[in-house]
Amino acid sequence: MKNENNSSTVKLSGVQTKGGSTIIEVRELTRKFGDFTAVDGISFSVGEGEIFGFLGPNGAGKTTTINMLCTLLKPTEGMASVAGIDVSSHPHEVRKNIGLIFQDPSLDDRLTGRENLHFHAMLYNVDRKTYESRSREVLQMVDLTEKADKQVRTYSGGMKRRLEIARGLLHHPKVIFLDEPTIGLDPQTRRHIWNYLLRLREREKITMFMTTHYMEEAENCDRIAIIDHGRIVSLDTPEALKQIVGGDIVTADTSDNTHAGQIIRDKFGLEIRNGQQGQIIIETTDGDKFIPRLIDTLTNYNPSIQVLSINLRRPTLDDVFIKLTGHSIREEEADQAKDSLKRRVRMWNRGR
Amino acid sequence: MYDKFIQNLKGIFTIWYRDVLRYSRDRARIVASLAQPLLFLFIFGSGLSPVMSNLGGGHLDFRQFMFPGILGMTVLFTSIFSAVSIVWDREFGFFKEVMAAPISRAAVALGKVAGGSTIALFQGCIILLLSPILNIQLTLFQIITLVGLMLLLAMVMTSLGILIASRQRSMEGFQMIMNFLLMPMFFLSGAFFPLKNIPLWMEILAKIDPVAYGVDPLRQVVLSKTVPSMVIEMLSNYSIAVNSLVMAGFATAFLIPAILLFGKRD
């Protein structure tokens with residue numbers, strides 16, 4: 001109990017949720033594709049009304065987890081329940097209670113926006129009266145009322161996304177799952193989509209479960225699970241996660257980074273790591289007071305080292321990710337990881 | 001229980017309606033899919049017509065002989081294509097939405113059979129409109145029988161298409177299916193030559209070709225008012241009833257495993 005008030009404590013059990021009652025419960029959930037383990041015994045729970053994010057590089061197992069929660073994929077081991085219903089034994093009941101926004105577009109582009117909504121209402125058995133009022137409501141919420149009778153192929157990427165969000169909400173789901181909701185969209189559109197989502201949460205008090213590999217996006221979540229290689233590395237609020245890094249991030253570039261790094265290690269007893277261009281990255285408390293001491297020390301011990309630049313900033317989730325996993329969520333690595341996952345899944349499919 | 005049944009019926013209707021609505025919007029697809037049968041009928045058929053004048057003892061033009069085969073071909077390819085479209089629909093589009101909806105997979109498969117069959121039947125009916133050009137006489141009763149036969153064949157082929165699509169995750173394998181399954185089925189169906197006096201191995205293959213049981217009765221009905229019945233007897237293998245029963249058997253044999261495999265969750 002001694003760490004009770006220490007917010008930097010890593011909560012891996014995930015038993016605690018913010019606010020109301022638990023709506024998603026996951027225990028030791030595992031999914032294998034052949035001998036490749038995409039999701040490796042994860043456990044967490046999500047409270048009603050929460051925005052819960054899964055942050056990690058592509059290929060970390062985020063989509064596989066979402067697919068299991070949405071009953072599109074059977075878990076190999078473990079259990080998961082959504083709205084109190086077990087996903088393995090009662091997939092249909094789960095489906096009625098959830099809305100889905102997929103990573104790849106799943107609209108029929110030969111149909112109009114309204115027709116796409118209408119088909120959704122038919123598939124989810126929404127009665128005509130509810131459909132009429134609700135479709136008006138959701139179209140208005142995503143600002144698509146005027147475009148509703150145009151064929152979807154004439155829509156922009158952002159409009160398609162918005163229509164999918166509207167569609168996912170049509171049947172009054174208790175939980176909405178968003179798999180990389182803003183992937184492939186430009187930053188401005190991404191911000192717009194987020195405005196809609198935050199507005200939605202204010203109006204409907206809905207629970208949102210999302211996956212993302214964008215740091216800024218994860219900041220909007222109430223709690224984040226950091227996932228890497230199929231495991232949850234850490235789970236907490238964005239603020240608490242940043243506390244893991246502790247204090248400030250000081251980035252220094254000098255004429256001899258190797259030597260300078262050695263001096264910092266010896267004289268300050270601080271751990272350092274190197275940035276992409278070899279800069280020295282130091283985590284420390286009171287960064288503003290540390291900087292003058294750093295410059296003094298370096299010039300005292302080795303006058304030949306020139307300090308080229310020094311930068312001080314608050315830690316981001318990317319720093320947290322690096323701290324926890326030893327690597328960054330960088331696009332190029334991520335794409336490779338994703339490709340290798342896709343290849344494995346494909347091989348697994350072919351092998352059957 | 002009752003609610004679930006109604007919801008699944010609604011699901012079947014939704015899938016069917018979407019297929020039909022999409023088809024009606026896609027004028028280019030309608031025109032393109034008619035091009036191949038027309039080429040066969042008018043270039044291939046007209047070219048071979050003089051050489052094949054002995055067929056049916058001079059009572060029958062080769063194009064008239066081919067016409068039921070072309071009907072069968074149109075139904076065969078339209079059905080298979082619309083069923084197999086599930087494969088890419090599932091990866092890149094609307095089918096993801098369908099697969100995640102609270103309706104049973106059996107309803108999805110049945111809706112797809114209904115949709116594909118309707119479109120195939122419609123395409124067949126367009127080809128049927130060409131019959132006056134070929135001097136083929138059709139009564140209303142004949143037309144109704146032809147519609148029934150084409151629908152039955154369409155159901156056999158969409159079921160087969162869904163069976164193929166149910167476990168396929170990529171379009172890479174489709175060319176293989178096209179070359180090793182569809183083309184042989186088409187050539188062995190009796191569309192271009194009567195399945196009489198053919199080598200034994202071919203006779204055996206034709207016997208297990210579901211399309212052959214579609215083309216045979218179509219030909220008997222199409223030509224019944226145009227050529228003497230003796231000629232029809234010369235060209236056909238089984239009675240219309242036997243052909244229909246065999247097709248119904250094939251439809252069931254494809255549809256049941258198709259539904260079972262399609263319903264399996266990964």
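Placed above this text is the structure.
Not measured: the values here are computed from a predicted model. (Residues numbered from 1 in each chain as written. Chains lettered and ligands numbered in written order. Predicted model: local features only at pLDDT ≥ 70, side-chain atom pairs only at ≥ 80, totals over all residues. Heavy atoms only, no water.)

Looking only at helices and strands, one finds twelve helices and 14 strands in chain A. The 352 residues of chain A split such that 52% are buried. Pairs at least 24 apart in sequence give 72% of the contacts found in chain A among residues at least 6 apart. Working note: accessible area of chain A is about 16,300 Å², and carbon and sulfur atoms make up 46% of it. (Helix = DSSP H or I, 4+ residues; strand = E, 2+ residues; numbered from the N terminus. Buried < 20%, exposed > 50% of the residue type's maximum accessible area, 1.4 Å probe, protein only. Contact = heavy atoms within 4.5 Å. Areas by Shrake-Rupley, 256 points an atom, 1.4 Å probe, with all protein chains shown as cover.)

A few words on the pattern of salt bridges. Applying the stated criterion across every chain yields a total of 25 salt bridges over all chains. The salt bridge involving Glu50(A) is made with Arg223(A); its shortest N-O contact spans 2.5 Å. One end of the pair, Glu50(A), is in the loop between strand 2 (36–47) and strand 3 (51–55); the other, Arg223(A), is in strand 9 (residues 223–228), and 173 residues separate them in sequence. For Arg223(A), a relative accessible area of 6% corresponds to the buried category. One salt bridge in this structure joins Arg273(A) and Asp319(A), with 3.5 Å as the shortest N-O distance. Pair noted here: Arg273(A) is in strand 12 (residues 272–274) and Asp319(A) is in helix 11 (residues 317–325), with a separation of 46 residues, a long-range link. Within this structure, Asp108(A), Arg18(B) and Arg22(B) form a network of salt bridges that share partners. (Salt bridge = Lys/Arg side-chain N within 4 Å of Asp/Glu carboxyl O.)

On to the packing of helix 6 (residues 140–166) of chain B against helix 11 (residues 240–263) of chain B. Residues and elements named next belong to chain B. Where helix 6 contacts helix 11, the two axes come as close as 8 Å, and the packing angle between them is 25°. Taken together, the axes of helix 6 and helix 11 are roughly parallel relative to one another. Seen along the crossing, helix 6 lies across helix 11 with a hand that is left-handed. In this structure, helix 6 uses Leu 149, Leu 152, Leu 153, Val 156, Ser 159, Leu 160, Ile 162, Leu 163 and Ser 166 to contact helix 11, whose residues at the interface are Ile 240, Ser 244, Met 247, Ala 248, Phe 250, Ala 251, Phe 254, Leu 255, Pro 257, Ala 258, Leu 261 and Phe 262. (Axes fitted to C-alpha atoms, helices over the stretch in contact; angles between N-to-C directions. Parallel < 35°, antiparallel > 145°, perpendicular 65-115°, else oblique. Left-handed = near helix turned anticlockwise from the far one by under 90°.)

All names here are of chain A. Of note, the phi angle at Glu 28 is positive, near 50°, even though the residue is not glycine. Note that Glu 28 resides in strand 1 (residues 22–33). Despite not being glycine, His 229 has its phi angle at roughly 50°, a positive value. Note on placement: His 229 falls in the loop between strand 9 and strand 10 (231–236). Overall, His 229 belongs to the exposed group, its relative accessible area being 62%.

With that settled, the discussion passes to the interface of chain B and chain A. Taken together, the contacts link 30 residues of chain B with 36 residues of chain A. A buried area of about 3,200 Å², summed over both sides, lies between chain B and chain A, and 54% of it is on carbon and sulfur atoms. For the pair chain B and chain A, the number of links is five salt bridges. Ionic pairing is found between Asp108(A) and Arg22(B), a salt bridge with its closest N-O pair at 2.5 Å. Of all the secondary structure elements, the ones that give two or more residues to the side of chain B that touches chain A are helix 1 (2–25) and helix 4 (94–99) of chain B. (Buried area = accessible area lost by both parts, 1.4 Å probe.)

Residue placement: Ser224(B) occurs in the loop between helix 9 (212–223) and helix 10 (229–235). Within the local environment of Ser224(B), its side chain forms a polar contact with the side chain of Gln142(B), the two groups lying 2.8 Å apart. (Polar contact = N/O pair within 3.5 Å; in protein donor to acceptor, adjacent residues only side chain to side chain.)

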